[in-house]
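Working through the structure, step by step
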Amino acid sequence: MKKLLALLLAVTLIATLAACGGKADTPADQPAANQPVAGKPAEAEKPAEAAPTGESHKIFLITMDQMDQYWTNIDAGCQKAAAELGNVDYTWTAPDVKDDAKQIEMINNAVANGANAILLAANGPEAVNDALKEASAAGVQIVYVDSPATFTPSVATFSTDNKAAGKTAGETMIQALSDKGITEGKIGVVSVNAATASTVARDEGFRSAFEGTAFELQESQYCDGDAARSKDAASAFIADGCVGVFGANEGSTVGVGNAIKESGADVTGVGFDSSDNVLELINEGCIYATMVQNPDVMGYEGVKAAVAALEGGAADGAVTDTGVTVVTK
């Protein structure tokens, strides 16, 4: 009987140890492996990270420079489109002054930084072509705003019909002079350079308005859109007896207006673009009128077109005239 009782006790002890064996090394306050901790899924049950809801497109705006308020208006349009679309990583970059080599460097840097698309206001329509060719070969979509290069293919171009707008500027000056009884005399032109397509077209359009009149158009003076240099050029025109002076962009217009203001001469100034300085000169009577573009529309539509192309939409190089308005006092 004693032997039988001992055997039963031994079997019971073995069974008890077997039942407790898996938990022998686990502290009372720590769960075993693969068991959930409050607020945190167990390793084997951790869900995969959620996939992005939509692909983000990296888009760069590269303008001719950072000097003019005009470029900040293009930037504002780009920012508005980027905010509305919600899937755009947007950056504005530009040289400090108008310079082909510096703009080429900006294009190359944008590509190196992973740009999917570049919105470009080309300083020189030919100078940047090699850089754009390399960008396109890397899969970057090109959209032109304000001033296109000659490189193709591009997604689209959003710009003013600059030749037509320049002609309107000329017609505006002729009418203003006629209202003062002036039907002949010298006319000065202050422009940017001999390569930038937009201002070259404005110069051509402006001159075309004077065909068949008795006015004498003087040789254009190029000041790279620098207001101080433009003022000097306009002052020389005024000293030479010009009855009217045209400024082909924002900086040129500010220079023309300041020259007329300083001289006190009865000279009719007509310009291009709008800024606080330009509008103040109009209110003071130093500039008669300016041709106001729609740079915000260029930026806004440019970003939308870039995203559409990146997502499989049209990229046929279509040119859209974003319009111009004559603004006087």
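Residues numbered from 1 in each chain as written. Predicted model: local features only at pLDDT ≥ 70, side-chain atom pairs only at ≥ 80, totals over all residues. Heavy atoms only, no water.

1. Considering the sheet that holds strand 12 (residues 318–321)
- Taken in spatial order, the six strands line up as 2-1-3-4-5-12 in an open sheet, and their pairing is parallel. On the outer flanks of this sheet lie strand 2 (88–93) and strand 12, each paired with one strand and no other. Strand-to-strand twist in this sheet, taken as the mean axis angle between neighbours without regard to direction, amounts to 20°.
- By the bridge criterion, four bridges tie strand 5 (residues 156–159) to strand 12 in an arrangement that is parallel. Each residue of the ladder has a partner; that of Ala156, found in strand 12, is Ala318.
- Sheet strands touched by helix 10 (residues 295–310): strand 1 (57–62), strand 2, strand 3 (117–120), strand 4 (141–145) and strand 5. Its angle to strand 3, the strand with the most contacts, is close to 155°. (Pairing = 2+ DSSP bridges. Helix = DSSP H or I, 4+ residues; strand = E, 2+ residues; numbered from the N terminus. Axes fitted to C-alpha atoms, helices over the stretch in contact; angles between N-to-C directions. Contact = heavy atoms within 4.5 Å.)

2. Notes on the environment of Ala194
- Here Ala194 lies in the loop between strand 6 (184–191) and helix 6 (197–208).
- Once the C-alpha coordinates of Ala194 and Gln221 are considered, the two residues, 27 residues apart in sequence, prove to be 9.5 Å apart.

3. Observations regarding the packing of helix 5 (residues 162–179) against helix 6
- Contact pair helix 5 / helix 6: the axes reach a minimum separation of 6 Å and the direction vectors enclose 40°. Considering their axes alone, helix 5 and helix 6 lie oblique with respect to each other. Here the hand of the crossing between helix 5 and helix 6 comes out right-handed. Residue-level contacts link Asn162, Lys163, Gly166, Lys167, Ala169, Gly170 and Met173 of helix 5 to Ser198, Ala201, Arg202, Glu204, Gly205, Phe206 and Ser208 of helix 6.
- For the contact of helix 5 with helix 6, the per-class residue count stands at four nonpolar, six polar and four charged. (Parallel < 35°, antiparallel > 145°, perpendicular 65-115°, else oblique. Left-handed = near helix turned anticlockwise from the far one by under 90°. Nonpolar A, V, L, I, M, F, W, Y, C, P; charged D, E, K, R; others polar.)

4. Looking at the pairing of strand 9 (residues 244–247)
- Alternating residues of strand 9 divide into Gly244 and Phe246 and Val245 and Gly247, and every residue in both groups is buried.
- Note that strand 6 and strand 9 share four bridges and pair parallel. Each residue of the ladder has a partner; that of Gly188, found in strand 9, is Val245.
- Note: strand 9 against strand 10 (residues 268–272), three bridges, orientation parallel. Looking at the pairing, Val245 lines up with Gly269 of strand 10.
- Considered for its hand, the β-α-β crossover made up of strand 9, helix 8 (residues 250–263) and strand 10 is right-handed. (Buried < 20%, exposed > 50% of the residue type's maximum accessible area, 1.4 Å probe, protein only. Right-handed = clockwise from strand over helix to strand, strands pointing away.)

5. Here's the deal with the pattern of salt bridges
- This model, assessed by the stated rule, comprises ten salt bridges.
- Between Arg207 and Asp203 there is a salt bridge, and its shortest N-O distance comes to 2.6 Å. Taken together, the positions of Arg207 and Asp203, both in helix 6 and four residues apart, correspond to about one turn of that helix.
- What makes Arg207 partly exposed here is its relative accessible area of 26%.
- Classification of Asp203 as buried rests on a relative accessible area of 8%. (Salt bridge = Lys/Arg side-chain N within 4 Å of Asp/Glu carboxyl O.)

That's the geometry; what it means functionally is another story.
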